[in-house]
Amino acid sequence: MKKSVITGVGRYIPERVVTNFDLEKMMDTSDAWIRERTGIVERHFASAEDTTSLMGAKAAEKALSMAGLKAQDIDFIIFATLSPDFYFPGSGCSMQAHLGIPGIGAMDVRNQCSGFIYSIITADQFIKTGMYKRILIVGSERHSSGLNLTTEGRDIAVLFGDGAGAVVLEASDDENRGILTSKLHADGQYVKELWVQNPGSNSIPFTNHAMVDDGSIYPYMNGRYVFKHAVTNFPAVIFEVLADAGYTTKDVDLVIPHQANERITEAVQARLELPREKVFRNIDKYGNTTAASIPIAISEALDEGLIKQGSLVCLASFGSGFTWAATLLRW
Ligand code: ACO
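For clarity, every value in this text was computed on a predicted model and none was experimentally measured.

So, about the packing of aromatic side chains. Inspection of every chain in the model, using the stated rule, returns 8 aromatic pairs. With 5.2 Å between their ring centres and 65° between their planes, phenylalanine 126 and tyrosine 132 make a pair best called edge-to-face. In this structure tyrosine 132 comes out as buried when scored by relative accessible area, which is 18%. The rings of Tyr190, Tyr225, Phe318, Phe322 and Trp324 are connected pair by pair, giving a single aromatic cluster.

Let us now look at a nonpolar patch on the surface. A contiguous nonpolar patch, built from Tyr87, Phe88 and Phe206 and spanning about 390 Å² of accessible area, is present on the exposed surface. Of note, tyrosine 87 is situated in the loop between β4 (76-80) and α4 (91-99). On the basis of relative accessibility, which here comes to 55%, the residue tyrosine 87 falls in the exposed class.

This part covers the environment of tyrosine 286. Checked against the element boundaries, tyrosine 286 lands in helix α10 (residues 283-286). Given a relative accessible area of 7%, tyrosine 286 falls into the buried group. Separated by 15 residues in sequence, tyrosine 286 and alanine 301 have C-alpha atoms that sit 14 Å apart. Leave out the neighbours within four places in its chain, and tyrosine 286 touches Arg11, Ile13, Glu42, Arg43, His44, Gly161, Ile296 and Glu300.

About the criteria used
Residues numbered from 1 in each chain as written. Predicted model: local features only at pLDDT ≥ 70, side-chain atom pairs only at ≥ 80, totals over all residues. Heavy atoms only, no water. Phe/Tyr/Trp six-rings, centres within 6.5 Å; stacked < 30°, edge-to-face > 60°. Buried < 20%, exposed > 50% of the residue type's maximum accessible area, 1.4 Å probe, protein only. Patch = residues over 30% accessible without salt bridge, like charges linked within 9 Å, V, L, I, M, F, W, Y side chains within 5 Å. Areas by Shrake-Rupley, 256 points an atom, 1.4 Å probe, with all protein chains shown as cover. Salt bridge = Lys/Arg side-chain N within 4 Å of Asp/Glu carboxyl O. Helix = DSSP H or I, 4+ residues; strand = E, 2+ residues; numbered from the N terminus. Contact = heavy atoms within 4.5 Å.

Set out below in structure tokens:
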């Protein structure tokens, strides 16, 4: 059976930096509150031109370049986002048009913070069955246009940032490289603990002024509840993939967790009993970029020399749904 190997990685971070001090001017918050509880110092907000799909295309072009490929070499697109350009159709289709590669399949994955890992695991199955050889997987988010950037929305608004990351996953005959094992989980009883209620087909009509007035068009999070589940499920799914592949935490070169919150990452690191340098973080610079956070992190970890050929790397996520997932790969 073919192995799936990441051959290209790229990131696109919009130019505009929004510091905690900038947020202080928009709402009743403080740099100290945000730093202490989340580890976030600044995030980037996209310009009006930088749609979710366009940022995805920009990250994809960098991943293609690293892989030494042209867009035309790609067989299939998987696009993960919770902030799509449109309610429908999916942003994978829009990005395909930006890249100028009509005809190949493109699908969106709506698994929020776990969207990228759900996507790479899906791509791995296409490669293993031999259906596709080169798949472009993109995580992209433009949160800034969907946040309530006033005091009313401050508990959520300070957490999120914009950006995109992409990887090229290719079929390989090298038995010693690529994705070794993966695990996917969800528990839908917690849908309402981290969600955007409206607009949606659960409401009749789909949208109305009352939704705008009552704020249900903005994300809601039960922060403490999410924290509690994240610090349990993140380590559990990491232990699960390690055990499945016959490894322990001592064998891991780098864990790349979804960048949800520095305090969550610290708790995961403690539970795994790993040194700080083996658990990647960049939330201070970008905030939570949801589906984009893991491919952005892979791209930066490569630039920083933290991943080398042969490294054992574990990607892990937890988020809205609740969903959580991990994949273990040999670089
Ligand atoms: N600035 C200043 N004060 C704030 C802000 C803000 N941005 N937001 C809330 N507050 C106030 C609250 O109103 C409250 O005030 P009160 O005591 O007068 O009522 C006080 O700060 C404490 O609020 P809590 O919500 O209890 O704050 P908590 O200590 O729980 O921290 C946080 C909130 C950081 C969200 C925490 O619950 C947490 O870490 N949750 C984890 C979830 C998370 O980070 N998710 C990321 C997205 S989901 C994902 O990717 C998995």
